[in-house]
Amino acid sequence: MANDNHDEIWVGTLLGGQARWVVARTTDLVEEARRRHHTSPVATAALGRLMTASLLLASSLKGNEFITIRLLGDGPLGGVVAVGNAQGEVRGYVHEPFVDMMLNEQGKLNVAQAVGQGEFAVSKSLENGENYTSTVPLVSGEIAEDLVHYLLNSEQIPSAALLGVLVERDYQVAGAGGLLIQLMPGASEECIDQIEEKLKTLTQGISKIAADSHSMQEMTETLLGGLSYQVLEKRPAGFHCSCSKERVGGTLVSLGREGLKEILEDKQAELVCHFCNEHYLFNEKELSELYEQAGQE
Ligand code: ZN
């Protein structure tokens, strides 16, 4: 492979373990989400940032644990959902993917306005089967600030976050990524100052940094260079949905014979997975089989 640059998540510590950091390159997976959902630029940016945020949070999970973030805003996007797991797999959708907005005063995609006012809800599904949901009000709608606000208020972790998606004129994703720095208990003032100073030097957005970097190493060095950082873990990242025709069929079976009888009258059914926009077609024969199954339950 000539170009070895692909989506990845790197995790490590900096300044002698006073902080934990996560860097994610998500260009390809956000582009895949855009292609699947046919999102407008502002919807691509909102969905891409939220999917990236879910991967940053999921980087501290293990096994088959996963994080769901729901952005419940009253803006034209009508809500955004992303699910990221410990394997670096992520999926997501926007309620209104075709929303078009004017650029904001900085000439950027107006994610905050498209999201609106509302709530930022994070659910953790842990390996022991437990589920925790914590909801905080949206403070900006730009998502990175909302993530920081959530971490401070729900998990008492002071942190800094950058999230960005660069959309080209042809609507394709040129670059996407995220950075999360979380302070460890007992981090010194000097450590905080150094991180703040470093972040101030990043005059380009993280999406541009993701687009211009030729490798994860280069991206990480641009974001963290000078903070004496250590890389502890690298994992691949990608768009992945757990749906299948079998699972969708299972959903139909759960409607029971009553519900399936109505569907059978149409002789076929097409079901769409919200998360990945995959279309599943069931013909009359398949629907009859599901009807039989439903009777046995
Ligand atoms: Zn799916």
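Cut-off values and rules
Residues numbered from 1 in each chain as written. Predicted model: local features only at pLDDT ≥ 70, side-chain atom pairs only at ≥ 80, totals over all residues. Heavy atoms only, no water. Helix = DSSP H or I, 4+ residues; strand = E, 2+ residues; numbered from the N terminus. Buried < 20%, exposed > 50% of the residue type's maximum accessible area, 1.4 Å probe, protein only. Contact = heavy atoms within 4.5 Å. Pairing = 2+ DSSP bridges. Axes fitted to C-alpha atoms, helices over the stretch in contact; angles between N-to-C directions. Core = buried A, V, L, I, M, F, W, Y, C linked by side-chain atoms within 4.5 Å. Domains from an automatic or database assignment. Parallel < 35°, antiparallel > 145°, perpendicular 65-115°, else oblique. Left-handed = near helix turned anticlockwise from the far one by under 90°. Nonpolar A, V, L, I, M, F, W, Y, C, P; charged D, E, K, R; others polar. Salt bridge = Lys/Arg side-chain N within 4 Å of Asp/Glu carboxyl O. Donors = N, O, S within 2.8 Å, 3.2 Å for Na, K, Ca; no water.

Mapped onto the elements, Gln194 comes out in helix H5 (residues 189-201). By relative accessible area, Gln194 is classed as partly exposed at 30%. Along the sequence, Gln194 and Leu15 sit 179 residues apart, while their C-alpha atoms lie 9.0 Å from each other. Not counting residues within four places of it along the chain, the set of residues in contact with Gln194 comprises Leu15, Gly226 and Leu227.

Once that is clear, we can look at the sheet that holds strand S1 (residues 8-14). Across the sheet, five strands lie side by side as S8-S9-S2-S1-S10; this open sheet has antiparallel pairing. Edge positions in the sheet fall to strand S8 (159-167) and strand S10 (229-236), since each of these pairs with one other strand and no more. Averaged over all pairs of adjacent strands, the angle between their axes in this sheet comes to 15°, without regard to strand direction. The pairing of S8 with strand S9 (residues 173-183) spans nine bridges and is classified as antiparallel. When the sheet's bridge partners are listed, Ala161 is paired in S9 with Leu180. Lying over the sheet, helix H1 (residues 27-37) contacts strand S2 (19-25), S8 and S9, oriented at roughly 125° with respect to S9. Here helix H4 (residues 144-155) sits on the sheet and contacts S8 and S9; the angle it forms with S8, its principal contact strand, is near 155°.

So, on to the pairing of strand S7 (residues 131-137). A regular strand places its side chains on the two faces of the sheet in alternate fashion. Relative to S7, strand S6 (residues 118-125) runs antiparallel, the two being bridged by seven bridges. When the sheet's bridge partners are listed, Ala121 is paired in S7 with Thr135. Linking two consecutive strands that pair antiparallel, namely S6 and S7, is a turn of five residues; a positive phi of about 90° is found at Gly129 within it.

Here the focus is the nonpolar core. In terms of nonpolar packing, the biggest core is built from 58 residues, with Leu77, Phe120, Ile143 and Leu147 touching the most fellow members. In terms of residue count, the dominant contributor to this core is helix H2 (residues 41-58) (12 residues). Counting contributing residues, this core receives three or more from each of domain 1 (8-239) and domain 2 (245-296). Apart from the residues lying within four places of it in its own chain, the contact partners of Phe120 are Leu50, Ile69, Arg70, Leu71, Ser134, Thr135, Val136, Leu138, Ile143, Asp146, Leu147 and Tyr150. Formed by 22 residues, the second largest nonpolar core is a distinct cluster that contains Leu15, Ala187, Cys191 and Ala210.

This paragraph deals with the packing of H1 against H2. Axis separation between H1 and H2 bottoms out at 10 Å; the angle between their running directions is 135°. One finds that H1 runs oblique with respect to H2. H1 and H2 meet at a crossing whose hand is right-handed. Residues Leu29, Val30, Ala33, Arg34 and His37 of H1 pack against Thr44, Leu47, Gly48, Met51, Thr52 and Leu55 of H2. Each residue belonging to the contact of H1 with H2 can be placed in one class, and the counts come to six nonpolar, four polar and one charged.

On inspection of all chains with the given rule, the structure shows 16 salt bridges. The shortest N-O distance in the salt bridge between Lys62 and Glu65 comes to 3.7 Å. Lys62 sits in the exposed class, given a relative accessible area of 52%.

Time to look at the coordination of the zinc ion. For the zinc ion, every protein donor is listed as Cys241 (SG), Cys243 (SG), Cys273 (SG) and Cys276 (SG), and the spread of their distances is 2.2 to 2.3 Å. Ordering the donors of the zinc ion by residue number gives the pattern C-x1-C-x29-C-x2-C. In this pair, Cys243 is assigned in the loop between strand S11 (238-239) and helix H8 (245-253) and Cys273 in the loop between strand S12 (269-272) and strand S13 (279-282), connecting sequence segments 30 residues apart. For Cys273, a relative accessible area of 11% translates into the label buried.

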